[in-house]
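Structural characterization, general
Chain by chain, the residues run as shown.
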Amino acid sequence: MQIVLYALAGFMLLYSVLLVFTSNFNLGNLIVWLLTAACWVYALWHRPLNAWFTGCTAGRVTLAVLAVGAAVYAVLLGFVAVSGYANPPAGNEQIVVVLGAGLRRDKPSLLLRYRLDKAYEYAVAHPDAVVITTGGQGRDEWVPEGQAMRQYLIDKGLDPDRVLEETRSTSTEENFAFAKQILEAEGYDTGGSIVYVTNAFHCYRAGKYAAMAGFGDAHALPAGIPLRSVPTCYLREVLAVLYYWVFRSSESGFMQGMVGLLSLNKRFFYR
């Protein structure tokens, strides 16, 4: 048993170190680091912890709370995983909204390239569709996300006239709201069907924000995700979905105050 605990704790430690060098800081990383710390605490002191969990009322209550919390989290993880495929495009959408996901300096991150490659496939298969890339400039990014995303699609072969860019947004809500303004200013009908492209874990919440922005018939085109990003993205998205169910908007609730307190933009939680 002890060997298994140390093996798990060691694997979590290696993964945590990998995150430091391969991704920007976000809530998903923080959750993994906390889980890593919990694994090491339990591996080192599992005997006295087991005795406490089973030997007194406070321990048994704590164990029950942890078990219920883990079960609820597991159910929500399943919901996040399945819901991303619940609203597929019909194939006749003429507007493609690509949601931002971070840059490495002035180049799309690996997670974002998955989204852009999926959008490119759809645009090639539907030559009459217009694409709009969305995302402002983060503190560690050299250019706005929307600009870098547009250039990526053009470099892959899309006609520049088919690709618009939105470069002011800092959240999924703003991605859709600002994209709608640009599309309408360019004369496009935003009242019909559109397709939005993001990774599968993000599709449910993105669809809610698309409707909030006024896109009445928005369909999800889920992109893949690099294997190393699965734990951080899905663990974080469970909390983001819960936050949405309670507060409906990143402009309300406790996170709005924490943004200023932590000197972080909304990408920490809401991207």
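Everything in this summary refers to the structure shown in the same document. (Residues numbered from 1 in each chain as written. Predicted model: local features only at pLDDT ≥ 70, side-chain atom pairs only at ≥ 80, totals over all residues. Heavy atoms only, no water.)

Considerations on the sheet that holds strand β5 (residues 163–166)
Hydrogen bonds between backbone groups are what pair the strands of a sheet, and the pairing can be parallel or antiparallel. Reading across the sheet, the five strands line up as β5-β4-β1-β6-β7 and stay open at both edges, with parallel pairing between neighbours. Both edges of this open sheet fall to β5 and β7 (217–223), since each of them pairs with a single strand only. Between one strand and the next, the sheet's axes are offset by a mean angle of 25 degrees, whatever the strand orientation. As paired elements, strand β4 (residues 130–134) and β5 share four bridges and run parallel to each other. (Pairing = 2+ DSSP bridges. Helix = DSSP H or I, 4+ residues; strand = E, 2+ residues; numbered from the N terminus. Axes fitted to C-alpha atoms, helices over the stretch in contact; angles between N-to-C directions.)

With respect to helix α4 (residues 110–125)
The end-to-end C-alpha distance of α4, which contains 16 residues, comes to 23 Å, matching closely the 22 Å that a straight helix rising 1.5 Å per residue would cover. Those residues of α4 that fall on the buried side of the exposure criterion are Leu 111, Leu 112, Arg 115, Leu 116, Ala 119, Tyr 122 and Ala 123. The buried residues of α4 occupy an angular sector of 130 degrees when projected down its axis, which confines them to one face. (Expected span 1.5 Å × (residues − 1). Buried < 20%, exposed > 50% of the residue type's maximum accessible area, 1.4 Å probe, protein only. Arc of directions from axis to C-beta.)

Overview of the packing of helix α2 (residues 27–55) against helix α8 (residues 230–247)
It is at 8 Å that the axes of α2 and α8 come closest, and there the two elements cross at 105 degrees. In this view, α2 runs roughly perpendicular relative to α8, as classed from their interaxial angle. Listed contacts from α8 to Leu 27, Gly 28, Asn 29, Ile 31, Val 32 and Leu 35 of α2 are Thr 232, Leu 235, Arg 236 and Leu 239. In terms of residue class, the contact of α2 with α8 is made up of six nonpolar, three polar and one charged. (Parallel < 35°, antiparallel > 145°, perpendicular 65-115°, else oblique. Contact = heavy atoms within 4.5 Å. Nonpolar A, V, L, I, M, F, W, Y, C, P; charged D, E, K, R; others polar.)

So yeah, pure geometry; function would need other evidence.
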